Amino acid sequence: MIFFASPLLSNKVIFEKSNRNFFENAEFSYFLDLDTQFDWNDHIQNKRKIPLQLNNGSNMNLGHVNRPIWIKIPYTVKDPNETYILKLGFPTLSEVELKYKNENDIWISKSSGRKYPHTQWELNNRNIVFSLNNLKQDGELYLRIKTFSGLLISFSAFTETFFYQNDPTLLGIEFAFIGLLCGVAFYNFFLWIVIKDKVYILYSCYTISILIYISSMSGIAYQYIWPTSVDWNLYSNSVIVTSAGIFATLFTVNFLDSKGRSKKIRKLQYFIYSIWIVCSILFFSIEYGQYLKCQKIAVLLNSICLLSMGILSLAKGFGPAKLYLVSWGIALSSISYYALLLLGFLPEDQFSHLIIKLGISTESIFLSIALASKVNGLQLSIEKNFQKYKEENTRLNKLREEFLANTSHEIKTPLHGMVGIAESILDGSIGKISPVIEMNIDLIHKSGKRLSLLVNDILDSTRLKHGVLKLNIKKVDLYQVSTHVISLLERSKNNSNIRIANLIPLDAPLLLCDENRIQQILFNILSNSIKFTDFGMISLSFSQELDSEKAKISIHDTGRGINKADIQKIFERFDQLEIDECLKYQGNGLGLTITKQLVELQSGTIEISELVREKSSESKRILIVDDEDINIRLIYNFLSRKNCEIDTAKNGKEALEKCYSNIYDLILLDVMMPIMSGYEVCRELRKRFNSSELKIILLTARNQSDDYAMGISAGANDFLSKPFDKSELFARIQNLLELNAATKSILAKEIQLKEAMYLANTDELTGLRNRRSFLNSAQIEWEASLQKSVPVCLLMLDIDQFKSLNDNYGHEIGDLFLKKVAEVLHFSTRKKDIVGRYGGEEFIIFLPNTDFDTGILVAERIRKAMEKIEIQLENESPIKRTLSIGISHSNGEIEDFGKLIKYADDRLYLAKKKGRNRIQFLSGGKTDLSGT
């Protein structure tokens, strides 16, 4: 900078009545006081000859200097009746002081700038403006300007009328730009909430940062947002620029490199972060004006890096990078231009400050299009991946079903062998074993049985899903089928508190369906009812509407019920319901699913109706029975705050109706009532519910010992005299309910024990005794027969050519024949006879107190019944098999039960050797008798 006094006089500013800028062709003098050696007296009186330098034009840019500049502006007023406005077009100047003489030759002093709160500015305007009133006709304007930021000085002067007419238009342009950026920011914030992609919130934050920066540079933020925050006003721009740079980088990385397209982009990202970290350190370590210069360099480097990221991403084939480069190039060009303007490298004019606004607005539009393009691309990618996923999922499901079917078939043969070997070991085929080994072998046996049932369910489920299950439709006697199913279930159920009633009439119309599948349907549903019923009755009924071809089979039980929300879940594959908080019944979750599909396959429907109990968070249901409303209200008020559901009845008849249609834990029953007394109601209830199932407390005003005895004899659990104390009522109710819970717990354990004993003694496939159970029971009967000297017979039976049955038709058909044989043996023997599955396709029957001729008749009846059994497969001849039977008989001459079995087994072998489908027998220890 050269300091010298200009020998030329500057062209004066002419103030007149005009709409033009009075500084357009004016010149003024200035001096940059680098050593801060002059003061106002030197400037005004020019005692020390300040070396003013002539400025050509109304604008000048001295870059970043933290020193005062002295300015002298000569003027002439041609229209003294006007008031004029002097405007400095760079609102970021820190301190501006103005002095001039008015027409009375008095010095006027004014100050403004960011160093002063906006409320102390002379005029409420975003720009630094001064009102020039009462000016001398000829004089000078003296200014002292100092700033921490760029020292860009642009003077303009207007008449007051023109200034206030034109300024709202300029302010409207500013707010239109602010509104545009606010709309972009909030739009992207909304997209972030909906789409959850952080690229939108990052762009929103970047837009807000630029918005605040532009508002601060134009003076709007200082005027409207922080008019009194002087310190923040001085340093806000540096903080905002840093945040804008960081958000721009984060946005760019996530927009261009969301899937890690280039490691170079990551490296540029870390380089930019390093730049801003260095800038943050310099903020606290160097002079603020110098820091601003460094920050402008950081902005320039940031711009170059962001453009480089776009180019790299475009080179990798990312389509939206084109729009990004266009939009970001426009924005960065305008920002770079503005930064160079602040650094003093570019001249300023009236359009300079609009360039950055136009650049940012254009960038917002193009980047919004780019983001929309990216969303469309992601949507197409998601749809493509979803379609690919569907196809892959369909393929995997098909493979899974094929795997299940094939694996199930392959598993059945070794599984059958495993179960048979385990059973034979338990029956003592290898001699006596230790209790620990026996327990483990028994566990293997039970697990094998469960797995066998699961394999059968999987096979049925797979066939149903792929529509390959074939039906053998014919006319079926529903009564005969249901009787057979119930008889099998009666033998297998362990809970003696459950009664199964067959209410299907003998003359029920024949049904057109698959007999085996309708049997499977009934068996599954009734088994499920037994599993979830602790006590009461399960009934099977039949009905048919007039002029209808469909029949309705109804199964009712007194089980605990399920939640209404869970009704449909019980028919879903592999789904089991939580019956209560601590109990979940074992099963594979396929039984009812297969049942529903089998029903629908035969053009039927299955649904749950009638009473469905809601889960009540362990609340107890109590029925209050009294003919007096006041007594009901009294007890109701006592119990209303307790965790219980309360119902009421006004007489005995109503009480009985409610008890028959609902389930209650306890009844509070008044003795003296019309129609039926409490004693009569109690007796009727005890005909259906025992004292463990339903607790009854009799309430009466009489307290004689005879009354108590009558109540107990009628079946009441407790007796309470009126008037009673509330605490006593609670105590008696609590005792009975706790007793009820304990009773149910004991009953449940008994059921579990019976179930365990049943599983330990029963062949799971046929429902007959297993080998061990048969030998134990038959040994006892054998010894009793020896003591009583009564005759006995023992039959050994084997299905002829059973191996070929499995080889040619599969184990499913083989299992079906085993079940058919079990049915024949069940209907062909007496209740006292002991029937068991001896192993594989062999069965054994012990006939106590039976002479030789009767044994022969039983064997022949079984053999002929087996000849009638056939299984029809589609497009094939009926499948039949016969039985070979060996019989041994003793009237006391055979003393070893093992020999009795061996003799029958030998005769069975001989029967097979002589041609099968025959009976070979042994009596009185004599062998080789003729067979039939």
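A.B. asks: Lay out the packing of aromatic side chains with the relevant residues and their values.
C.D. replies: Per the stated rule, a full pass over the model turns up 15 aromatic pairs. For the ring pair F28 and F155, a centre distance of 5.1 Å and an interplane angle of 85 degrees mean the geometry is edge-to-face. Taken together, the residues span a long stretch of sequence, with F28 in strand β2 (residues 27-32) and F155 in strand β11 (residues 150-159) at a distance of 127 residues. In this structure F155 comes out as buried when scored by relative accessible area, which is 2%. Cluster of aromatic residues (ring-pair linked, three or more members): F158, F162, F163 and Y164.

A.B. asks: A description of the nonpolar core should follow, citing residues and the corresponding values.
C.D. replies: In terms of nonpolar packing, the biggest core is built from 92 residues, with F15, I71, L141 and F155 touching the most fellow members. Of the residues forming this core, the biggest block, 11 residues, is contributed by helix α3 (residues 198-217). Excluding residues that lie within four positions of it along the chain, F15 makes contacts with F22, Y75, T76, V77, K78, D79, Y84, L132, L135 and A157.

A.B. asks: Can you explain the side chain of D33? Please cite residues and give values.
C.D. replies: Of note, D33 is situated in the loop between β2 and α1 (40-45). No salt bridge is formed by the buried D33; the nearest opposite charge belongs to R144, separated by 6.9 Å. Of note is the side chain of D33, whose polar atom sits 3.0 Å from the backbone nitrogen of Q37. Within the local environment of D33, its side chain forms a polar contact with the side chain of W70, the two groups lying 3.3 Å apart.

A.B. asks: Please set out the pattern of salt bridges residue by residue, giving values where relevant.
C.D. replies: Per the counting criterion, the structure on display carries 23 salt bridges. One salt bridge in this structure joins E95 and K115, with 3.5 Å as the shortest N-O distance. Of the two residues, E95 is situated in strand β7 (residues 95-101) and K115 in the loop between β8 (107-112) and β9 (128-132); the sequence distance between them amounts to 20 residues. Note on K115: relative accessible area 44%, which makes it partly exposed. The salt bridge partner of K101 is D105, with a shortest N-O separation of 3.6 Å. Judged by relative accessible area, which is 25%, K101 ranks as partly exposed.

A.B. asks: Tell me about unusual backbone geometry, residues and numbers included.
C.D. replies: You will see that D105, though not glycine, has its phi angle at about 65 degrees, which is positive. Topologically, D105 is positioned in the loop between β7 and β8. Residue classification places D105 among the partly exposed residues on the basis of a relative accessible area of 43%. Positive phi is not limited to glycine here, since S789 has a value of about 55 degrees. The residue S789 is located in the loop between α19 (771-788) and β22 (792-799) in this model. Residue classification places S789 among the exposed positions, given a relative accessible area of 55%.

A.B. asks: So, the environment of L93: which residues are in play, and what are the values?
C.D. replies: Following the sequence through the fold, L93 ends up in the loop between β6 (84-88) and β7. For the pair L93 and I153, spaced 60 residues apart in sequence, the C-alpha to C-alpha distance is 8.6 Å.

A.B. asks: Give me the packing of helix α15 (residues 652-661) against helix α16 (residues 678-686): which residues, what numbers.
C.D. replies: The geometry of α15 relative to α16 is characterised by a closest axis approach of 10 Å and an angle of 20 degrees between their N-to-C directions. The angle between the axes of α15 and α16 places the two elements in the roughly parallel class. Here α15 runs over α16; the crossing is right-handed. Of the residues in α16, those touching α15 at G652, L656, C659 and Y660 are V681, E684 and L685. Split by residue class, the contact of α15 with α16 holds five nonpolar, one polar and one charged.

A.B. asks: Residue-level account of the packing of helix α21 (residues 811-828) against helix α22 (residues 852-867), with values.
C.D. replies: Packed helix pairs are specified by the crossing angle of their axes together with the interaxial distance, meaning the distance between the axes. It is at 10 Å that the axes of α21 and α22 come closest, and there the two elements cross at 140 degrees. Considering the angle they form, α21 stands oblique to α22. In this structure, the crossing between α21 and α22 has a hand that is right-handed. Contact residues: F817, V821, V824, L825 and S828 in α21; V858, R861, I862, A865 and M866 in α22. Along the lines of polarity and charge, the residues of the contact of α21 with α22 split into eight nonpolar, one polar and one charged.

A.B. asks: Describe in detail helix α6 (residues 263-283), supporting the description with residues and values.
C.D. replies: With 21 residues, α6 extends 31 Å between its outermost C-alpha atoms, agreeing within 8% with the 30 Å of an ideal straight helix rising 1.5 Å per residue. Considered for burial, the residues of α6 that qualify are I265, L268, Q269, I272, I275, W276 and C279. All buried residues of α6 project into a common sector of 115 degrees when viewed along the axis, lining one side. For α6, the exposed residues lying more than 90 degrees away from the buried face are K263, K267, I277 and I281.

Reading the values: rules and limits
- Residues numbered from 1 in each chain as written.
- Predicted model: local features only at pLDDT ≥ 70, side-chain atom pairs only at ≥ 80, totals over all residues.
- Heavy atoms only, no water.
- Phe/Tyr/Trp six-rings, centres within 6.5 Å; stacked < 30°, edge-to-face > 60°.
- Helix = DSSP H or I, 4+ residues; strand = E, 2+ residues; numbered from the N terminus.
- Buried < 20%, exposed > 50% of the residue type's maximum accessible area, 1.4 Å probe, protein only.
- Core = buried A, V, L, I, M, F, W, Y, C linked by side-chain atoms within 4.5 Å.
- Contact = heavy atoms within 4.5 Å.
- Lys, Arg positive; Asp, Glu negative; His and termini not counted.
- Salt bridge = Lys/Arg side-chain N within 4 Å of Asp/Glu carboxyl O.
- Polar contact = N/O pair within 3.5 Å; in protein donor to acceptor, adjacent residues only side chain to side chain.
- Axes fitted to C-alpha atoms, helices over the stretch in contact; angles between N-to-C directions.
- Parallel < 35°, antiparallel > 145°, perpendicular 65-115°, else oblique.
- Left-handed = near helix turned anticlockwise from the far one by under 90°.
- Nonpolar A, V, L, I, M, F, W, Y, C, P; charged D, E, K, R; others polar.
- Expected span 1.5 Å × (residues − 1).
- Arc of directions from axis to C-beta.

Remember, this is a structural readout, not a statement about activity or role.
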